[in-house]
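What follows is each chain in one-letter form.
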Amino acid sequence: FEPISLGIAIGAASALTGYLSYTDLYCRFAECCREGRPLNVSALKLNLEEKLFGQHLATEVILKALTGFRNNKNPKKPLTLSLHGWAGTGKNFVSQIAAENLHPKGLKSNFVHLFVSTLHFPHEQHIKLYQDQLQRWIRGNVSACASSVFIFDEMDKLHPGVIDAIKPFLDYYEQIDGVSYRKAIFIFLSNAGGDLITKTALDFWRAGRKREDIQLKDLEPVLSVGVFNNKHSGLWHSGLIDRNLIDYFIPFLPLEYSHVKMCVRAEMKARGSAIDEDVVTRVAEEMTFFPKDEKIYSDKGCKTVHSRLDFH
Ligand SMILES: Nc1ncnc2c1ncn2[C@@H]1O[C@H](COP(=O)(O)OP(=O)(O)OP(=O)(O)O)[C@@H](O)[C@H]1O
């Protein structure tokens, strides 16, 4: 749409309808930031419960974190979530669900920004440049939309220096150079700590305890220390942990055979095909499971389900 005719069209439609404000109508055509828009908690809850399999802790914490943050009119700092777990367990998937519930266009929104370490910050010798670019990008985008969402994927492959550049933005400052970062959301994704999470899940399994009995308190302390002491966590000595700038460490449990089957069914449904249990079983059985003896957890989570389904 060209702005003047869009303005006229909106004005005319407003006059005709009489009850929709200019902003309401404008936002139907163009994407608006709408900082004050309340989060639809029941929609988010339903999304997580229906779509995310086998992650009772992540579901619970993400729901609590986003609801609490968005209900708070005056947050003292931006929300920072650190998602940890084995490959293919749903970290990107959940970030996408969260993004869609915060800004309807999700990852395609102008207010949601995804950084992938190996893609956006590949060269160690350019850290200074990345730091400057990242600071400018975040400042510019938060000035345009206070409730911007920034997702950093592959944190474990990120040079810790890069994240240092955004440390001030994550802190308890009211404003930095006239910009307040307090309504922004930062989500960090990494495989760091995945081995510790798996170990805890396995201990529960071996003790005959239910997966759903694993509580946050069983994992949170191991995780924050494990991630902090892990040189390859991207957060290693970055100051984010020792200054308590991460609000929630969110563990993603390794996925079991039954979860892989759920992913296959979900994918079939998404493709509009009828659910064929034989195919579901065949795809799930093609995946590899660990540890060697017990073979409980899928080593790629649900990651290759999409492509495997193409061959059936
Ligand atoms: N727990 C889950 N529930 C439902 N679907 C899942 C789950 N985990 C993974 N998937 C499916 O598998 C795909 C790949 O998962 P995703 O990209 O979220 O993994 P990840 O944890 O981010 O992995 P990585 O650490 O390798 O980046 C998702 O797009 C989704 O379709």
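These numbers were taken from a predicted model, which means no experiment stands behind them. (Residues numbered from 1 in each chain as written. Predicted model: local features only at pLDDT ≥ 70, side-chain atom pairs only at ≥ 80, totals over all residues. Heavy atoms only, no water.)

**As for the packing of helix α3 (residues 41-51) against helix α5 (residues 91-102)**
Here is the rule: Between N-to-C directions, angles cover 0 to 180 degrees, with each direction set by a line fitted to C-alpha atoms, over the stretch in contact for helices. Note on conventions: DSSP H or I runs of at least 4 residues are helices, E runs of at least 2 residues are strands, and numbering of each starts at the N terminus. Any angle from 65 to 115 degrees is called roughly perpendicular, while one under 35 is roughly parallel, one over 145 is roughly antiparallel, and all others are oblique. Note on convention: the crossing is left-handed when the near helix lies turned anticlockwise from the far helix by less than a right angle, right-handed when the turn is clockwise. Working rule for contacts: check all heavy atoms of both residues, and any pair within 4.5 Å makes them a contact. When residues are sorted by character, Ala, Val, Leu, Ile, Met, Phe, Trp, Tyr, Cys and Pro go into the nonpolar class, Asp, Glu, Lys and Arg into the charged class, and all the rest, Gly among them, into the polar class.
Packing of α3 against α5 brings their axes to within 10 Å, and their N-to-C directions diverge by 160°. Relative to α5, the element α3 lies roughly antiparallel. Two packed elements cross with a definite hand, and for α3 against α5 that hand is right-handed. Contacts from Ala43, Leu44, Asn47, Leu48 and Lys51 in α3 reach Phe93, Val94, Ile97 and Asn101 in α5. Across the contact of α3 with α5, the residue classes tally to 6 nonpolar, 2 polar and 1 charged.

**Topic: unusual backbone geometry**
Defined as follows: Burial classification: accessible surface area is computed with a 1.4 Å probe over protein chains only, and a residue below 20% of its type maximum counts as buried, one above 50% as exposed, and the rest as partly exposed.
Cis geometry is adopted by the peptide bond preceding Pro291, which originates at Phe290 and carries an omega value of -5°. For Glu154, which is not glycine, the phi dihedral falls at a positive 60°. As for its position among the elements, Glu154 is in the loop between β3 (149-153) and α8 (160-164). A positive phi is found at Lys295, a non-glycine position, where the angle reads about 50°. Along the chain, Lys295 falls in the loop between β6 (289-290) and β7 (297-298). Among the residues examined, Lys295 registers a relative accessible area of 51% and is labelled exposed.

**Concerning the site of the ligand**
Quick reminder of the rule: Any residue with at least one heavy atom within 4 Å of a molecule or strand is counted as near it. We define a polar contact as two N or O atoms separated by no more than 3.5 Å, with the added condition that, inside protein, one atom must be a possible hydrogen donor and the other a possible acceptor, whereas residues neighbouring each other in sequence contribute only through side-chain atom pairs.
Surveying the vicinity of the ligand reveals 18 residues, the closest of which are Phe53, Gly88, Lys91, Asn92 and Lys303. Here an oxygen atom of the ligand sits 2.8 Å away from a polar atom, N or O, in the side chain of Asn92. Take the shell around the ligand: its biggest share by element is 3 residues, from α5. Class assignment for the residues of the shell around the ligand results in 8 nonpolar, 7 polar and 3 charged.

**Side note on the state of the cysteines**
Stated precisely, the cut-off is as follows: By definition, disulfides here are pairs of cysteine sulfur atoms that lie within 2.5 Å.
This model, assessed by the stated rule, comprises 2 disulfides. For Cys263, the disulfide goes to Cys302, at an S-S distance of 2.0 Å. With the S-S bond torsion at 90°, the cross-link from Cys263 to Cys302 turns out right-handed. In this pair, Cys263 is assigned in helix α12 (residues 257-270) and Cys302 in the loop between β7 and α14 (305-309), connecting sequence segments 39 residues apart. Owing to a relative accessible area of 17%, Cys263 belongs among the buried residues under this scheme.

**Comments concerning the nonpolar core**
Quick note on the threshold: We call a set of buried Ala, Val, Leu, Ile, Met, Phe, Trp, Tyr and Cys residues a nonpolar core when their side-chain atoms join them within 4.5 Å. Where a domain begins and ends is set by an automatic assignment or by a domain database.
Membership of the largest hydrophobic core comes to 67 residues, with the highest contact counts inside it found for Leu66, Ile138, Phe152, Ile166, Phe186 and Phe188. Counting residues per element, this core draws most heavily on helix α4 (residues 56-71), which supplies 8 residues. Formed jointly, this core draws a minimum of three residues from each of two domains, domain 2 (41-252) and domain 3 (257-309). Once residues within four sequence positions are removed from consideration, Leu66 is found in contact with Leu39, Leu44, Leu79, Ala98, Leu102 and Ile185. Core analysis: the next-biggest nonpolar cluster, separate from the first, contains 15 residues, Leu255, Met268, Met287 and Val305 among them.

**Quick notes on the domain arrangement of the chain**
To keep it simple, the criterion reads: Using a 1.4 Å probe, buried area is obtained as the accessible area two parts lose upon being combined, added over both of them.
Partitioning the chain into domains gives domain 1 (1-30), domain 2 (41-252) and domain 3 (257-309). Computed over C-alpha atoms only, the centres of domain 2 and domain 3 are separated by 26 Å. Across the boundary between the two partners, domain 2 contributes 11 residues, which contact 15 residues of domain 3. Between domain 2 and domain 3, the buried area comes to about 1100 Å², and carbon and sulfur atoms account for 69% of it. Seen at the junction of domain 2 and domain 3, the total is 5 residue pairs in polar contact (both at pLDDT 80 or more). Taken together, the residues that form the side of domain 2 that touches domain 3 break down as 6 nonpolar, 3 polar and 2 charged.

**Some details on the packing of aromatic side chains**
Operational definition: By convention, a stacked pair of Phe, Tyr or Trp rings (six-membered ring in the case of Trp) has centres within 6.5 Å and planes under 30 degrees apart, an edge-to-face pair has planes over 60 apart, and any other such pair is tilted.
For the structure on display, the rule yields 9 aromatic pairs. Relative to Tyr130, the ring of Phe121 has its centre 5.5 Å away and its plane inclined at 70°; by these criteria the two rings are edge-to-face. Residue Phe121 shares its accessibility class with Tyr130, and that shared class is buried. Of the aromatic side chains, those joined through ring pairs into one cluster are Phe115, Phe121, Tyr130, Phe152 and Phe188.

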